[in-house]
2 protein chains.
Amino acid sequence: MVRRTKEDAMETRAKLLDAAEALFSENGVTQTSMMQVAEKAGVTRGAIYHHFENKMNLIESLMGRVKLPIDEMREQIAEGCEFDPLVEIKERSKEFISRVQNDSQVRSLASILLHKCEYIDEVNPIKLRHVSGRNECICDIEKLFQSAVEKGDLSSTLNARIAVIGLFSLVDGLIYNWLLAPEYFPLVEYGNQAIDSYINGLTREGSLF
Amino acid sequence: MVRRTKEDAMETRAKLLDAAEALFSENGVTQTSMMQVAEKAGVTRGAIYHHFENKMNLIESLMGRVKLPIDEMREQIAEGCEFDPLVEIKERSKEFISRVQNDSQVRSLASILLHKCEYIDEVNPIKLRHVSGRNECICDIEKLFQSAVEKGDLSSTLNARIAVIGLFSLVDGLIYNWLLAPEYFPLVEYGNQAIDSYINGLTREGSLF
DNA sequence: GAATATACATACATTGATGCATGATTAAAC
DNA sequence: GTTTAATCATGCATCAATGTATGTATATTC
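Residues numbered from 1 in each chain as written. Chains lettered and ligands numbered in written order. Predicted model: local features only at pLDDT ≥ 70, side-chain atom pairs only at ≥ 80, totals over all residues.

Asker: Can you walk me through the relation of the copies chain B and chain A in this structure?
Answerer: Put simply, the two copies of the chain differ by a rotation about an axis and a shift along that axis. Mapping chain B onto chain A leaves a residual RMSD of 0.1 Å; the transformation is a rotation of 180° accompanied by 0.0 Å of translation along its axis. Within this description, the copies of the chain are treated as partners about a two-fold rotation axis. A share of 98% of interface residues in chain B that are also interface residues in chain A marks the association as one of identical surfaces. (Least-squares fit on C-alpha atoms with pLDDT ≥ 70 in both. Contact = placed C-beta atoms within 7 Å.)

Rendered as C-alpha cells:
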C-alpha cells in the first residue's frame, strides 16, 4: 500500500479531511488526536503529515474546502437584488439557517466553529475566517438596510448598523442554541418566525431611535 | 511556606480560582496547563491538587462561585412581577447583557462558556450548567409571554415557545458576537435596541402564525 | 505539649501526542 | 527502461502535561 496513483492520493486526502471533520465536530478539536484522525481514515499518521503540515493546517484545509453559508450569502447579495431589500434580507437570512440545518457538512463546520474549538489568538485561522467573513457580510447587509430606508420601508431614524448587528446576532444565536441541543426546537421553523418578528419590529414607526 | 492558617488556605484557593479564570478566559481551557495556573497564583501545582481533584473540578468550582446572569434573571422573575410582563421580559433581558458588559467576572465566565472551551460530552459540567440553566429560564420566560398573551398585549396566535427561543437566541448572539470583538460595537446600546425591535415585532398583529 | 491533621512543595512515574527521519514500493517523467 | 519523485508506513526522539506519592513544617486539636 504505497505510492498509489495521484487520484488515490487525493482520495486519501479527502478521507483524512472527512475523518477530521467528523471527529472534530463530535469530540472537539483539541480532544482529537492525529492518531484518531488517521485511524478513522484508515491510514497512519504518516499519511497526515504527508498531506498536511500540522493540525492547524489540517483545520485550515478543512474550512477552506467548503463554501460557508456566509460566503454564499454574500455572493447572492452581490448578484444583485432587484427585489425589495427587506425581503432580500429576510430570504438570505432564512436560507442561511436552512443550509445549516440541511447540509450536514455545513452543520459539522458550524458545530466546530461555535462549539468545538477554542477561540484563542488572532493567528487562529478558524477565528480569522469567521470574523473577517462576518464583518464583510455585515457591511453588505447594512447597505441593504440603508436602501430600505431610502426606499421608505424603514424609518429614516433607523440606525442600519444596529439593525444588522441585531439580525446577525439573532441568526448566530439561533444556530448556536440549536446546535447545542438540536432536539430542543426545529431550527428553520422557529428561526424563520423569529427573523420575521425582528424585521417586523424594525419596520414599526419609531421603534429605533 | 507550609501549613498556613485556614484563612490563608482559602485565600490561596481563591487566588487559584482567579488565576484559572483569567487564564482560561484569555488562552482557552485546554491551552492552559495546571502549571500556568499555579505560577500565576504564586504557588506550585501541588497546591492545586490539594484544593481540586483535577482540571474539570477546578472549572466546576470556577463556575460555581459566581452567580451567572441567567440565574439572577430567574430569581428576579421568581420574585414576582406585578408589572407588565412584556416590560418585565425586556428589562430582564437588558439587565442580562448589562451584567455581561459591566461585571468583569461575569464577562470572563461568559467568554469561557462561549469561546474558550470545547463543548464535548454530556458529562462536561460547563455544558451541563449552561444548558440546564438555559432550559429552565426558557420555561420561566415562556410563562411571562403567555401571560402577556392572556393580558391581550400579544396576539393569541403567538407561539410563546418560539418567542422565547428567539429572544434567547438574540441575547446569546449579541453576547457571542460582542465577546468575539468587543470594540466592534457597544453591547448594551445596540443590544437594547435590538431587543426592543424584537419585542416590538412580536406585538405586531399577525407577525407570528 | 503531644498527637494529628492540614497546607502546601517537591519529585517521580506515566502517559500520549507531536514531529521528524527513514524505509519501502510504485507511479510518473524522461 | 531507467531515473526520479511521490505516497504512505514505521520507528524514534522528544516533550509537555497529568496525577500521585512523599516530604515538611506548621496550625489545630485534645
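Asker: How do you make sense of the domain arrangement of chain A when you look at a structure like this?
Answerer: Size of an interface: often given as the accessible area lost when the parts come together. All names here are of chain A. If you check the domain split of chain A, you get domain 1 (6–64) and domain 2 (69–203). If you average the C-alpha positions of domain 1 and of domain 2, the two centres end up 29 Å apart. Between domain 1 and domain 2, the contact holds 11 residues from the first and 10 residues from the second. Those elements giving two or more residues to the side of domain 1 that touches domain 2 turn out to be α1 (6–27) and α4 (55–64). Tallied by class, the residues present in the side of domain 1 that touches domain 2 amount to 6 nonpolar, 3 polar and 2 charged. (Domains from an automatic or database assignment. Helix = DSSP H or I, 4+ residues; strand = E, 2+ residues; numbered from the N terminus. Nonpolar A, V, L, I, M, F, W, Y, C, P; charged D, E, K, R; others polar.)

Asker: Explain the packing of helix α5 (residues 69–78) of chain B against helix α8 (residues 125–151) of chain B to me, please; I cannot follow it from the model alone.
Answerer: Relative placement of two packed helices is described by the angle separating their axes and the distance separating the axes. Residue and element names in this part refer to chain B. In contact at an axis separation of 10 Å, α5 and α8 are set at 30° when each is read in the N-to-C sense. Relative to α8, the element α5 is oriented roughly parallel. As α5 packs across α8, the resulting crossing turns out to be left-handed. Note on element contacts: α8 touches α5 through Gly 133, Arg 134, Glu 136, Cys 137 and Asp 140, opposite Ile 70, Asp 71, Met 73, Arg 74 and Ile 77. Taken together, the residues of the contact of α5 with α8 break down into 4 nonpolar, 1 polar and 5 charged. (Axes fitted to C-alpha atoms, helices over the stretch in contact; angles between N-to-C directions. Parallel < 35°, antiparallel > 145°, perpendicular 65-115°, else oblique. Left-handed = near helix turned anticlockwise from the far one by under 90°.)

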